[in-house]
8 protein chains.
Amino acid sequence: MERPLVSVIMGSKSDEHVAKKVVEVLEEHCVPYEVKVISAHRQPEELERYLKESKEYVKVYIAIAGLSAALPGVIASRVEQPVIGVPVEVKLMGLDALFSIVQMPPGVPVAAVGIDNGRNAAHLAIRILKLAGFKPCR
Amino acid sequence: MERPLVSVIMGSKSDEHVAKKVVEVLEEHCVPYEVKVISAHRQPEELERYLKESKEYVKVYIAIAGLSAALPGVIASRVEQPVIGVPVEVKLMGLDALFSIVQMPPGVPVAAVGIDNGRNAAHLAIRILKLAGFKPCR
Amino acid sequence: MERPLVSVIMGSKSDEHVAKKVVEVLEEHCVPYEVKVISAHRQPEELERYLKESKEYVKVYIAIAGLSAALPGVIASRVEQPVIGVPVEVKLMGLDALFSIVQMPPGVPVAAVGIDNGRNAAHLAIRILKLAGFKPCR
Amino acid sequence: MERPLVSVIMGSKSDEHVAKKVVEVLEEHCVPYEVKVISAHRQPEELERYLKESKEYVKVYIAIAGLSAALPGVIASRVEQPVIGVPVEVKLMGLDALFSIVQMPPGVPVAAVGIDNGRNAAHLAIRILKLAGFKPCR
Amino acid sequence: MERPLVSVIMGSKSDEHVAKKVVEVLEEHCVPYEVKVISAHRQPEELERYLKESKEYVKVYIAIAGLSAALPGVIASRVEQPVIGVPVEVKLMGLDALFSIVQMPPGVPVAAVGIDNGRNAAHLAIRILKLAGFKPCR
Amino acid sequence: MERPLVSVIMGSKSDEHVAKKVVEVLEEHCVPYEVKVISAHRQPEELERYLKESKEYVKVYIAIAGLSAALPGVIASRVEQPVIGVPVEVKLMGLDALFSIVQMPPGVPVAAVGIDNGRNAAHLAIRILKLAGFKPCR
Amino acid sequence: MERPLVSVIMGSKSDEHVAKKVVEVLEEHCVPYEVKVISAHRQPEELERYLKESKEYVKVYIAIAGLSAALPGVIASRVEQPVIGVPVEVKLMGLDALFSIVQMPPGVPVAAVGIDNGRNAAHLAIRILKLAGFKPCR
Amino acid sequence: MERPLVSVIMGSKSDEHVAKKVVEVLEEHCVPYEVKVISAHRQPEELERYLKESKEYVKVYIAIAGLSAALPGVIASRVEQPVIGVPVEVKLMGLDALFSIVQMPPGVPVAAVGIDNGRNAAHLAIRILKLAGFKPCR
């Protein structure tokens, strides 16, 4: 089995409908990936452990989170890979998640895509992977 | 010298004008405190270390942050004490910081006060400390 | 029967779905509490009376309100205990309640938690009670 | 000296620039008035006392407040006269004050005018007073 | 039959659910009223005619409108009576209607009540009518 | 002297900085125009008179207004020509004016351009005039 | 068969419910039109081709788009005819589409109408066409 | 001289203060880059030409734009490289630009960073380049 190039992390099981859209696009393009559900706020140590391990093989992280969506920022502060954040609409039309993800302080970049727009997170990951030599199957 | 009861943490040196208001009220009421500048996003390990140490003596944390204000939430996920978050207006009138601080997921509470309202963070901390037996000097 | 440590006040019967979440968490942790429905705007005198009486035994107030959510602020102006405010989404995605609760003037602090996030109000109350020596059953 | 028909109450000394606009229009139309600075949150008892007394002679209340602007609503819950609320821009472009003033629960009406628009509060008061037989001097 | 004291005008037939709440409260208090559906934008001349006629007997106008809610402002610019505006939620959570109603230019006051809050429009009208000597039946 | 093809109407003298930008572009393209300051809310009859007269020769109306910007809508409800509305930032970053202008009810169209964007109002007018056979000088 | 005077372009098949309202009004007034589904972002070349061809006979473009609604602006930058943009509510209550459409840079005007308000786009087009000599059947 | 790996494109000369921050970070890390000022709306053909040429050597595009910020999306629809969008605050606190950039339709991804946050655009570009084998000098 291939090593996953993309790590898809949800902050909560309830973000699954968005993760599904990410995965669909990754599979359409034959990108090896793995999916995790780890909350930055509720499982900080588990997240730490997973990042330490996965950063050895993952090329791009896709972090999906709603409300005060700290997950993408926390990942970006722990790894050197590009981190893509997908804000999920739970309350406030997703504005809370969007602002939490996109308004990162200088030095810790997160690449935000649209609210609930899992497909674009995957498409962006594929553009990045292609730069790094990955050949998608379409 | 007394052990600090309140830890005042800024996410960035530029939040100092708000921290000053916190400190003024704490001093007016003779609350022993300490002030730190540690970014949740840029110095995650230093924050980790400080929290591990300080949670042995600190009773209440006051976290001050702008933009994607992850600091209060990160603290709340590491310690068991009450954490008060002060959103700072940097962009978007402070709405980004307010939403990042107040919209925490269930299980990891942060007590948000008003935008740039350092004074209320201190007043709230004092109310909490009084419950725990602290006698302010006024 | 134990004296209630937490007072849970709704501004309106229609906020009950949020109060329920508060109560669930309080019960899970064996925190003695009492629940009231009193509108700051429609029953100011009843509120006054209840606060005068309850402030003798209550340690933390949790006030739940929607729209122009004056309840938490009114309580905070009458008692010296910590007051936690839970904004309820009725109109404007709950932004009206959030702003009314969090943007308190300096000197009268309210601890705001997320929109409809009754669970975090309870969790925050428990953190505060633990500081004051309370031992939750879990 | 004439009994004041209009009571102009500011929540804070810092709302004076708006109160001034109210007073200008009242004077242009020879409406007898009085001006008070009383915070709903910081001086609840003083407010109570003043309302009990003034409601014997005041015909219309104009309440000016920023941030979590509880003042107009508190007045409306204590007196039977029409209460006009003027939201003041302090933070969030005045949206916090506007929402706090206008989104009152059913049964306790406040008449909101525009942000910082003291002149319209006075003009509205005059329209109401004219219905009640008052003859403005122009 | 009594002369109507309150004129309730909807901008559109689709605002009827809000007008109904106004009427309920007026009837509970035995206030004589009449109800019209006239669009400020689509029937300007009809509105003009109705206002010219009704201003001879109406004491308070209640104007209900959604979207770009010009109706209350147009009425306020034609009559000298107090005009109460009720913003209706059609799009944008009713913010468009709220802003259109409340942000009137100095000199042409409209008394805004909460979004869809027909009941408060009626309660406010009754407070005004009582000043003018009207005795509600409760 | 040529008959004006474009009528530029400001709701208030204070909108002049935006009207200036309209006029600059019109002059650059040699479009005959006239400029008026008439408030929809404060001078409804004067507006009525002017529209009755001007609609005989004007091809396009450009209405500039801030706050509750009723002017463009009122014009659109009186004339059959295209009406362009320019929202002016006075309060709320111009959102109040934008919503008042753009959210017109079906049947009474206004063409909204960007906040304070007088230049685009003129450019849009020129595109429309060219359709009608007008030849700008550049 | 008549040459279409109005081109109605949707950015996506899912905007059809809005296009339908445009078409209804155009048909009521006997305006010859054609309807296209072309995404500015996903089919830039197809759009380019269509515009090059259609600008020879089309008088007014109506572009319907949601989210980051680039379509109206792209058309306005390629043709000299008036372009009307209709923002569609997909996320964020349509504010994203409204802002994308209305906040065009100086020099490239788009005429925005209300969110999902296809009827007004058609009515505006008809006003423009009448200036150019078109006689609607009603 | 080295081939530029990053293309920094501003939509307008007035976005230069943000472009400067991008360039500072790129230079600190010795990333070869080129800077262009091309408006998506006003110079569509020039943009087309530049993209056709530059996509042969550029690895990452950074597009900086305010208002209706179509630039990043247009680039993303023409090239296969990752495109980073930086919203610039011109009006509406930059919300218009943020929404235009981040709310792209599925299939055409743009990586949004924070408002005016040129530094993070550069940091994100560097993370991506490192994946592709680039060695920054620090």
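So, here's what we can say about the structure. Since the model is a prediction, treat every value here as computed from it, not as a measurement.

## Some words on the relation of the copies chain H and chain A
After a rotation of 180° and a shift along the axis of 0.0 Å, chain H superposes on chain A with an RMSD of 0.0 Å. When the rotation and shift are considered jointly, the pair of chain copies conforms to a two-fold rotation axis. Mapped onto chain A, 100% of the interface residues of chain H again fall at the interface, so both copies present the same surface.

## Focus: the pairing of strand β3 (residues 60-66) of chain A
Residue and element names in this part refer to chain A. Among the seven residues that make up β3, seven are buried, leaving the element largely enclosed by the rest of the structure. Burial along β3 is two-sided: the face carrying Val60, Ile62, Ile64 and Gly66 and the face carrying Tyr61, Ala63 and Ala65 are both buried. Across five bridges, strand β1 (residues 6-10) lies against β3 in parallel orientation. Directly across from valine 8, in β3, lies its bridge partner isoleucine 62. Sheet analysis places β3 next to strand β4 (residues 83-88), joined by six bridges and oriented parallel. Bridge pairing links tyrosine 61 to valine 83 in β4. Following the backbone out of β3, through helix α3 (residues 71-78) and into the adjacent parallel β4, one traces a crossover that is right-handed.

## Details of the pattern of salt bridges
Any two side chains of opposite charge can pair, given that their charged atoms come close. Using the criterion set out here, one finds 64 salt bridges over all chains in the structure. C:Arg119 is the partner of C:Glu28 in a salt bridge, and the nearest nitrogen-oxygen pair spans 3.6 Å. Taken as a pair, C:Glu28 in helix α1 (residues 16-28) and C:Arg119 in helix α5 (residues 118-131) lie far apart in primary sequence, 91 residues in all. Residue C:Glu28 is classed as partly exposed on the basis of its relative accessible area, which comes to 28%. The class for C:Arg119 is partly exposed, based on a relative accessible area of 23%. Beyond isolated ion pairs, a larger network of salt bridges with shared partners links A:Glu48, A:Arg78, B:Glu48 and B:Arg78.

## Focus on helix α4 (residues 95-102) of chain D
An α-helix turns once per 3.6 residues; consequently, residues spaced three or four apart project the same way. Among the eight residues that make up α4(D), eight are buried, leaving the element largely enclosed by the rest of the structure. Residues of α4(D) that are buried: D:Leu95, D:Asp96, D:Ala97, D:Leu98, D:Phe99, D:Ser100, D:Ile101 and D:Val102.

So, how was this worked out
- Residues numbered from 1 in each chain as written.
- Chains lettered and ligands numbered in written order.
- Predicted model: local features only at pLDDT ≥ 70, side-chain atom pairs only at ≥ 80, totals over all residues.
- Heavy atoms only, no water.
- Least-squares fit on C-alpha atoms with pLDDT ≥ 70 in both.
- Contact = heavy atoms within 4.5 Å.
- Buried < 20%, exposed > 50% of the residue type's maximum accessible area, 1.4 Å probe, protein only.
- Helix = DSSP H or I, 4+ residues; strand = E, 2+ residues; numbered from the N terminus.
- Pairing = 2+ DSSP bridges.
- Right-handed = clockwise from strand over helix to strand, strands pointing away.
- Salt bridge = Lys/Arg side-chain N within 4 Å of Asp/Glu carboxyl O.

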